[in-house]
Number of protein chains: 4
Amino acid sequence: MIQSRLLRILLLFTSTLTLAQTKPRARDLGVPFDGNPGPNNAITDVKGVEVGHTTLISGSGKLKVGEGPVRTGVTAILPRGKGSTDAVFGGWFTLNGNGEMTGTTWVEDSGFIDGPIMITNTHSVGVVRDAVIAWKVKRGKPDMEGYWWSLPVVAETWDGYLNDINGFHVKPEHVFNALDSARSGPVEEGNVGGGTGMICNEFKGGIGTASRVLSAKEGGYTVGVLVQCNYGEREQLRIAGVPVGREIPEHTVWKNDTGSIIIVVATDAPLIPTQLKRVARRASLALGRLGSYSGDGSGDIFIAFSTGNANAVSPKSVRELKMLPNDDINPVFLATVQATEEAIVNAMVAAETMTGINDHMVIALPHDRLREVLKKYNRLAR
Amino acid sequence: MIQSRLLRILLLFTSTLTLAQTKPRARDLGVPFDGNPGPNNAITDVKGVEVGHTTLISGSGKLKVGEGPVRTGVTAILPRGKGSTDAVFGGWFTLNGNGEMTGTTWVEDSGFIDGPIMITNTHSVGVVRDAVIAWKVKRGKPDMEGYWWSLPVVAETWDGYLNDINGFHVKPEHVFNALDSARSGPVEEGNVGGGTGMICNEFKGGIGTASRVLSAKEGGYTVGVLVQCNYGEREQLRIAGVPVGREIPEHTVWKNDTGSIIIVVATDAPLIPTQLKRVARRASLALGRLGSYSGDGSGDIFIAFSTGNANAVSPKSVRELKMLPNDDINPVFLATVQATEEAIVNAMVAAETMTGINDHMVIALPHDRLREVLKKYNRLAR
Amino acid sequence: MIQSRLLRILLLFTSTLTLAQTKPRARDLGVPFDGNPGPNNAITDVKGVEVGHTTLISGSGKLKVGEGPVRTGVTAILPRGKGSTDAVFGGWFTLNGNGEMTGTTWVEDSGFIDGPIMITNTHSVGVVRDAVIAWKVKRGKPDMEGYWWSLPVVAETWDGYLNDINGFHVKPEHVFNALDSARSGPVEEGNVGGGTGMICNEFKGGIGTASRVLSAKEGGYTVGVLVQCNYGEREQLRIAGVPVGREIPEHTVWKNDTGSIIIVVATDAPLIPTQLKRVARRASLALGRLGSYSGDGSGDIFIAFSTGNANAVSPKSVRELKMLPNDDINPVFLATVQATEEAIVNAMVAAETMTGINDHMVIALPHDRLREVLKKYNRLAR
Amino acid sequence: MIQSRLLRILLLFTSTLTLAQTKPRARDLGVPFDGNPGPNNAITDVKGVEVGHTTLISGSGKLKVGEGPVRTGVTAILPRGKGSTDAVFGGWFTLNGNGEMTGTTWVEDSGFIDGPIMITNTHSVGVVRDAVIAWKVKRGKPDMEGYWWSLPVVAETWDGYLNDINGFHVKPEHVFNALDSARSGPVEEGNVGGGTGMICNEFKGGIGTASRVLSAKEGGYTVGVLVQCNYGEREQLRIAGVPVGREIPEHTVWKNDTGSIIIVVATDAPLIPTQLKRVARRASLALGRLGSYSGDGSGDIFIAFSTGNANAVSPKSVRELKMLPNDDINPVFLATVQATEEAIVNAMVAAETMTGINDHMVIALPHDRLREVLKKYNRLAR
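Now for a look at the structure at hand. Predicted, not measured: the structure shown is a model, and the values here were computed from it.

1. Overview of the relation of the copies chain D and chain C
The operation linking the two copies of the chain is a rotation about an axis combined with a translation along the axis.
Next, step 1: Once chain D is rotated about the relating axis by 180° and shifted along it by 0.0 Å, it coincides with chain C to within an RMSD of 0.0 Å. Such values leave the two copies arranged in the relation of a two-fold axis. Among all residues of chain D, the minimum C-alpha distance to the rotation axis is found for D:Gly126, at 1.6 Å.

Put into structure tokens, the structure is as follows:
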């Protein structure tokens, strides 16, 4: 019965890439940002990184738990793409811990992220986690001794204001779809994947992404960021230092910082785990730029990885690694702050007004108003 | 189809309590332990704590993924029992991180454990996590504003040597059963619940428990421990300081410390979260006593809670707390080490020889041999 | 010989309080800040907190190690004032670890700060630490068993661009003076105490402070912040969201984020250590607002304490505590971000142009230029 | 005056090496240990590591603060020897935090230990810290831009039961002497260096060391450990699993675990910082073997380093590193536990009965009694 209802849910595959490319992004609207973005201004500018979304939108009107309305989904980030079973060095950080990111105990101790990074709603972390294992079992093979286990990285933010979150609408097939459809190139933003029902600074939020390319002198590395943006209160929102939240006070949702944000930082700079923890921590500074005080209800959890050392996880012989010296790491730190800042604004710019359960409505950040406010404070680019 | 097969799996409810009480425990065999145990020598000696198991055992012979053989289960620890929705102060620690304990990011930051602590196999953490939410949704109610979310604590160890772990045999109803059947009083040990298919120092392992009661001068508090014991290599095993592993070298399973151990420490001493982190860390010292070096493949993750401050989590007014001074905490530390040591030995003593997938067999710690070895080293307690 | 030279160093006692009160502070210049400051807009607005400075300025011209020029000092923050030997609950956080704060291992594990918090230059942490012990020995008494030891909290930033840091000019008597002269009321800012030779965003930096008072509905608590500000690169500096650093590009000092910042947060809100760690972490968000990316060379270390639970450290009987619920903590978080932001700008506004070793000169943030830039971006208050 | 008194203090230089070599060590007495020690069974078996002690013993009878009796000192461990300014990868861990180890904030974040590791008494950490900087300033040179700063690693345990700790008898010249006299080869143990006045399990404690050499198949690496041993209560002491403390109950000192232990682990295995943190954590398991419960008053702080990657700290180009895979790290973990266990017992075996302030006497572990007890429990080797 549950199954039959689920079949009626529209799987919005990532077929709208053209749209994604033509929608204006934050910098198209004249929001000023520092640093040089990569070709897609997306996490996928880091070579090898693939992103896939499964978006679940169905029903409207009054909430019937288990039936909908449904406004949720799953996003998959594959550090080396579907074709690879190689791990990456990783590190993570919690700015405020009212959230979940599974798998981090082993990330912390091993220094590796082995498999995809998944983002979904709070109450679907479990199904996504086990489905990642099932997906790996189907595709992988046990190690030489016939043993294996898996500790997937799955994070979440809460979409229960718009979505029937206690209906548990995310199913294993949605996870498989997000993984199997992951690709490089442009990344859809806004009301997609895990970000479908999310709210950011009391505007409609969701998925956002951005990237930075360092100068040749700095090593020429790329830093890419993807966020699932569900944090913040309007009152505090600053964009480019401008008090945008106070200038656009209409249609607020609540009076507290009850949301969350998951931030994924990718780079091809050859960083070791100790350094990646430091990179993850820098995402905090981007939230600071945007006015957040990281409220008690927020799950502000960040994870960073480097694609720079292939086969570092392999046993049975000493590994040869490369490491960017700490003394040369500042451009990566700065790029992380810049790309995170832009990814968050991109999420709000891309998201569209959504009505969910019980006709709850969350408005999109109005583009024209944003431009007006930036102009008022002499911060509109060009 | 999967469902129909599952229906054939025998749900071993906790109807064998009488047996549990009559089986000898470690101290009955003459293993010497320090300190004074509580009436049940179990985690349930801490008032309010309830434990429930669902044990899944079915099939035999060659592994067919999804069909069995099945040797797994779920164990639920409810800090204040089923009747309470109040949280407890908590803290956690990782000795070696090759494992999962969900919910800990919020335990760390909030200082609270809100809900049950669940233990299962590695590949069933997700289903258990989401099922705990479903169980809470069914029983609980949203907060005043109609919002809620949940970040359950679910831990695991790997039972894939005996169990069809990639068959994902744990289902939501098994989780509900473990929760609903939780009770105070004696706790079944050995091949039950999450511990069903576990291996400890290359003997059959599983669930073990023990407790200590402090003297009146020390405050009269109780410390209870429950372990899901799946760690260790035979060669290193010491019991009561005696090299039991080397003296009983037969039927070893592998040549590595690839297992894991989850340790849950409960107390009614009024400890705040900072102190509970320290208590959790002490479990390491019990592993040291037993000879462990906490191998790379081990998920040695410990969590401690105190039932001592009711309603500490409630908002809207300043809370009144009690705190045992740091200067008076040593008896709690020592009791934690002692009860953990005994709980681990209890797990090995209670577990019975098991044959699982592909006719893999793991022998029980032979009781008579254990007594002989203790005697040889002049350590057999009267 | 060393002693005789030291006698020639001018001890600038805290006799310039009148001056401190008449100098304009950041908000006097029209920098817009949110929230309501306390009567002194200083950390001393938290009842009981006392601050003392010893400022060492002598010599000019070429550096002769051991002889000068000297531009350094010591700042003491006494959480409960000189008259108390009671500890406070505390927590700390490192945003970037290229610095020192002694005593934190025990702060982390005990949850207490027992004694003053001292700030000095990098190479004088040791002398200050031992001198704090000597000061306590002189004033205190051993515990009942005749034993005692002390693990003082001493932090630092590096002033070697202006100061003969390898001359080790801070002596025990300077530490005693800072402690003995500590008082409540207005706090001197800028080139004083530990902040004497510090540089902030390539303007002259030093000591800054600010406070916030919560509304009665929020509990009426006070949050006070004191910073020793030595971090940042000009290029990144934003004040009130305005790119002040780029608008005032003259007289930069270096091209890297090589400095550091020590941030001390005080509150009378009854917070337990777990909560104070979270408060300390919020200081990061203020740095984000001001444009920092927390460079590799930076020691960005924050410590927070609460005066709210007296006698919590006493042994021999269970303590009665009060705790602000996590659900009500957001105003404290926000106040921390706001007061930290203002304290940093206050440090730059108060500091005056200084010439140090080898005629290195660091300019003060020009007040008129700051006003112009704020006006250009429509952010000048009033 | 203070100076003149100090001149009368006998500097016990490391001229007693012959003695050190002829005194029996724990394994000479028949204490059974696992694993294969290196040629000196000392931390100096790790190539490049040098150790130096300054031992301060003078006076007797009643304590006059500032005059004595003096029973203290400094121990220096130089990871790459005096001839090198290269850093090593490092990691640290706190089992119980009632102690100090300066410099660890930067060890944690940078992954490097840059300079010597020093151990002294609790109230001399400061003087030792600043003296290390002075020593480096004298020998080193600033970086290319003329800037430098230093964050030395200095740890401590408390010797105030035997030593006039508030007399601050450790002076910079004692630090220089420990550094300048550091050498490879045999390491003096017992009442020397920082360990001079220390107490371990209520026997006389102090410095102890041991090492393990892995098999060629395991990589042939060496793991060396040095401890400054001041922890534990007699009642809990187990050696080789035997309850030695209860069997030798005479002349106990106090009734609490108020001491501390600093443990330094060295290896030439090419480990990265993430791995070295895990190695440091393993020292806990050795304390477990010996019966410790890590009391509230204990500063049980451990630090590990690897000499395996030279020049890893150098800036300006990407570094080439080697890393032992996590899957191959177990022998290093086990060797760490074994060598730590032996180093602690070596400290007690080497230390001699000492009388200090106010005629406080602490007895040495009686060698013959130890052998008798081991024999009673059938654990005497050979």
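2. Details of the relation of the copies chain C and chain B
Next, step 1: Superposing chain C onto chain B takes a rotation of 180° combined with a translation of 0.0 Å along the rotation axis, leaving an RMSD of 0.0 Å.
Next, step 2: A shared interface surface links the copies, since 100% of the contact residues of chain C are contact residues in chain B too.

3. So, the side chain of B:Asp300
Next, step 1: With respect to the element layout, B:Asp300 can be found in strand β13 (residues 299-306).
Next, step 2: Summary of buried charges: B:Asp300 has no salt-bridge partner, and the nearest side chain of opposite charge, D:Arg282, is 5.7 Å away.
Next, step 3: Residues within four places of B:Asp300 in sequence aside, it is in contact with B:Phe93, B:Thr94, B:Leu95, B:Asn96, B:Tyr231, B:Ser260, B:Ile261, B:Leu287 and B:Ser294.

4. Digging into the interface of chain D and chain C
Next, step 1: Residue-level contacts link 40 residues of chain D with 40 residues of chain C.
Next, step 2: Between chain D and chain C, the buried area comes to about 3,300 Å², and carbon and sulfur atoms account for 59% of it.
Next, step 3: Applying the counting rule to chain D against chain C returns 0 salt bridges.
Next, step 4: Applying the counting rule to chain D against chain C returns 16 residue pairs in polar contact (both at pLDDT 80 or more).
Next, step 5: Only β4 (88-97), α3 (104-110) and α4 (125-139) of chain D provide two or more residues apiece to the side of chain D that touches chain C.
Next, step 6: Residue contributions to the side of chain D that touches chain C peak at 8 residues, all from α4(D).
Next, step 7: Of the residues belonging to the side of chain D that touches chain C, the class tally is 18 nonpolar, 16 polar and 6 charged.

5. What about the pattern of salt bridges?
Next, step 1: Considering all chains together, one arrives at 72 salt bridges over all chains under this definition.
Next, step 2: A salt bridge links C:Arg289 to C:Glu341, with the shortest nitrogen-to-oxygen separation between them at 3.1 Å. With a gap of 52 residues between them, C:Arg289 in helix α7 (residues 273-289) and C:Glu341 in helix α8 (residues 330-350) connect regions that are remote in the sequence. Each member of the pair C:Arg289 and C:Glu341 is classed as buried.
Next, step 3: Between D:Arg369 and D:Glu250 there is a salt bridge whose closest N-O contact spans 2.6 Å. With D:Arg369 in helix α9 (residues 367-376) and D:Glu250 in the loop between α6 (244-247) and β12 (260-267), this pair connects stretches of sequence that are 119 residues apart.
Next, step 4: Classification of D:Arg369 by relative accessible area gives partly exposed; the value is 25%.
Next, step 5: Judged by relative accessible area, D:Glu250 falls into the partly exposed class, the value being 31%.
Next, step 6: Beyond isolated ion pairs, a larger network of salt bridges with shared partners links A:Asp109, B:Asp296, D:Arg278 and D:Arg281.

6. Considering the packing of aromatic side chains
Residue and element names in this part refer to chain A.
Next, step 1: Enumeration over the complete set of coordinates arrives at 14 aromatic pairs over all chains.
Next, step 2: Taking 4.7 Å as the distance between ring centres and 25° as the angle between the ring planes, the aromatic pair formed by phenylalanine 89 and phenylalanine 112 counts as stacked. Taken together, the residues phenylalanine 89 in strand β4 (residues 88-97) and phenylalanine 112 in strand β5 (residues 112-113) connect sequence positions 23 residues apart. Residues phenylalanine 89 and phenylalanine 112 agree in their burial class; the two are buried.
Next, step 3: Taking NZ or CZ as reference, arginine 234 lies 3.8 Å from the ring centre of phenylalanine 203, over its face.

Reading the values: rules and limits
Residues numbered from 1 in each chain as written. Chains lettered and ligands numbered in written order. Predicted model: local features only at pLDDT ≥ 70, side-chain atom pairs only at ≥ 80, totals over all residues. Heavy atoms only, no water. Least-squares fit on C-alpha atoms with pLDDT ≥ 70 in both. Contact = heavy atoms within 4.5 Å. Helix = DSSP H or I, 4+ residues; strand = E, 2+ residues; numbered from the N terminus. Buried < 20%, exposed > 50% of the residue type's maximum accessible area, 1.4 Å probe, protein only. Lys, Arg positive; Asp, Glu negative; His and termini not counted. Salt bridge = Lys/Arg side-chain N within 4 Å of Asp/Glu carboxyl O. Buried area = accessible area lost by both parts, 1.4 Å probe. Polar contact = N/O pair within 3.5 Å; in protein donor to acceptor, adjacent residues only side chain to side chain. Nonpolar A, V, L, I, M, F, W, Y, C, P; charged D, E, K, R; others polar. Phe/Tyr/Trp six-rings, centres within 6.5 Å; stacked < 30°, edge-to-face > 60°. Lys NZ or Arg CZ within 6 Å of the ring centre and 35° of its normal.

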